[in-house]
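Close look at the chain arrangement
Next come the chains, spelled out residue by residue.
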Amino acid sequence: MTNRISETDLILNADGSAYHLNLLPGEVADTVITVGDQDRVEGITKYFDEIEFKKAKREFVTQTGRIGKKRITVISTGIGTDNIDIVFNELDALVNIDFKTRLVNPTLKSLDIIRIGTSGAIQADIPIDSLLASSAAFGLDALMSYYKQELSHKEKALLKDFTDILPTEYKLHPYIASAGESLLNNLGDGLLQGITITAPGFYSPQGREVRAKSAMPRFMDVIQNYRSGNQRITNLEMETAGIYGLAASLGHKALSLNVILANRVTHKFSQQPAEIMDKYIQQLLQKLTAI
């Protein structure tokens, strides 16, 4: 018999909605787009034909609507994998748990979850204002240390080759997770692809040094020189590995699309970031409504 999930493991609001997201079962579409920035939600849903509802609580802004017959939920996660932990567990609960009985549904639903966010390239040949699909991601945060993972032979090999080149003084314990294959094939077709590093911060964890001194001064050189077969690390950001890891653990498919606004090697930054993001949002919506 399935165990009932306790009130302290799955916290609900007084109206029966998920604690942080403030959403009710039925309000999440089978296709979900995640963004870091709250304002980017409107930047996507302005292209919808219909918006069913809008909700906001803390940094989590959600809108569900339709383009033609395609129902899509857009939700802001805020920055970092700690927020991803909240968003993905509550999205899964909303579609796979009966909130009244607190029992897992007998038939589980698998969501298609697509992140579109900004990122910095670490290879000189990756142009700014391009769009890159993360085929996999190395997480330098601790999130997936708390969840069981089942890695493929390919993932194990990629991770071993990465841990082998990390200097011991870095004291890093990375994990790996991969994109949903069907989403990568459908939405990533024709795009630049590569391995993303998900960092637990924006400054020193991504090789930046402003005033505080880095404990890993060779970090950028190390990750730029990583090779495993024909695979290389292409970019840095703060959510993808957590998204991929939790999606896999919960039985969902995920893809991270990275708008390259900066190149860390050439030190160039986009001169039109808002316009470039809008261009790729429209491109993503066109592809989503076609599949």
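Note: the structure precedes this text.
In short, a report on the structure. (Residues numbered from 1 in each chain as written. Predicted model: local features only at pLDDT ≥ 70, side-chain atom pairs only at ≥ 80, totals over all residues. Heavy atoms only, no water.)

**A closer look at the pattern of salt bridges**
Side chains bearing opposite charge may pair, as long as their charged atoms lie close to each other. Under the defined criterion, the tally for this structure stands at 14 salt bridges. With its nearest N and O atoms 3.6 Å apart, the salt bridge here joins Glu239 to Arg115. With Glu239 in the loop between strand S11 (233-237) and helix H6 (240-250) and Arg115 in strand S7 (residues 112-121), the pair connects residues that are 124 residues apart, well separated along the chain. Each member of the pair Glu239 and Arg115 is classed as buried. Residues Arg232 and Asp125 are paired through a salt bridge, measuring 3.0 Å at the closest nitrogen-oxygen approach. One end of the pair, Arg232, is in the loop between helix H5 (219-224) and S11; the other, Asp125, is in the loop between S7 and strand S8 (130-139), and 107 residues separate them in sequence. (Salt bridge = Lys/Arg side-chain N within 4 Å of Asp/Glu carboxyl O. Helix = DSSP H or I, 4+ residues; strand = E, 2+ residues; numbered from the N terminus. Buried < 20%, exposed > 50% of the residue type's maximum accessible area, 1.4 Å probe, protein only.)

**Describing helix H2 (residues 81-96)**
For H2, which comprises 16 residues, the first-to-last C-alpha distance of 22 Å matches the rise-based estimate of 22 Å (1.5 Å per residue) to within 8%. In terms of burial, H2 is largely enclosed, as 12 of its 16 residues are buried. The complete set of buried residues in H2 reads Thr81, Asn83, Ile84, Val87, Phe88, Glu90, Leu91, Asp92, Ala93, Leu94, Val95 and Asn96. (Expected span 1.5 Å × (residues − 1).)

**As for the pairing of strand S12 (residues 253-263)**
For S12, the buried fraction is high: 10 of the 11 residues fall into the buried class. When S7 meets S12, the two strands line up parallel, connected through 10 bridges. When the bridges of S12 are listed, Ser119 appears paired with Ile260. Where S8 and S12 come together, 4 bridges link them in antiparallel fashion. Looking at S12, one finds that Ser130 is bridged to Ile260. Here S12 runs beside strand S13 (residues 268-269); their pairing, made up of 2 bridges, is antiparallel. By the bridge assignment, Ala262 is partnered in S13 with Phe269. Two successive antiparallel strands, S12 and S13, enclose a turn made up of 4 residues, where His267 displays a positive phi of approximately 60°. (Pairing = 2+ DSSP bridges.)

**Some words on the packing of H2 against H6**
It is at 9 Å that the axes of H2 and H6 come closest, and there the two elements cross at 25°. Here H2 is positioned roughly parallel relative to H6, judged by the angle of their axes. For H2 against H6, the interelement crossing comes out right-handed. Of H6, the residues touching H2 (which contributes Thr81, Ile84, Asp85, Phe88, Asn89 and Asp92) are Gly242, Ile243, Leu246, Ala247 and Leu250. Residues belonging to the contact of H2 with H6 are distributed by class as follows: 6 nonpolar, 3 polar and 2 charged. (Axes fitted to C-alpha atoms, helices over the stretch in contact; angles between N-to-C directions. Parallel < 35°, antiparallel > 145°, perpendicular 65-115°, else oblique. Left-handed = near helix turned anticlockwise from the far one by under 90°. Contact = heavy atoms within 4.5 Å. Nonpolar A, V, L, I, M, F, W, Y, C, P; charged D, E, K, R; others polar.)

**With respect to the nonpolar core**
It is characteristic of soluble globular proteins that their nonpolar side chains tend to be buried jointly. By size, the foremost hydrophobic cluster in this structure holds 61 residues, and its most contacted members are Ile33, Ile44, Ile116 and Leu255. Counting residues in hydrophobic clusters, the runner-up holds 19 residues, among them Leu140, Leu158, Ile195 and Ile233. (Core = buried A, V, L, I, M, F, W, Y, C linked by side-chain atoms within 4.5 Å.)

**Quick look at the side chain of Asn13**
As for its position among the elements, Asn13 is in the segment before strand S1 (31-35). Once you skip the residues sitting within four places of it in the chain, Asn13 turns out to touch Ala18, Tyr19, Asn22 and Lys57.

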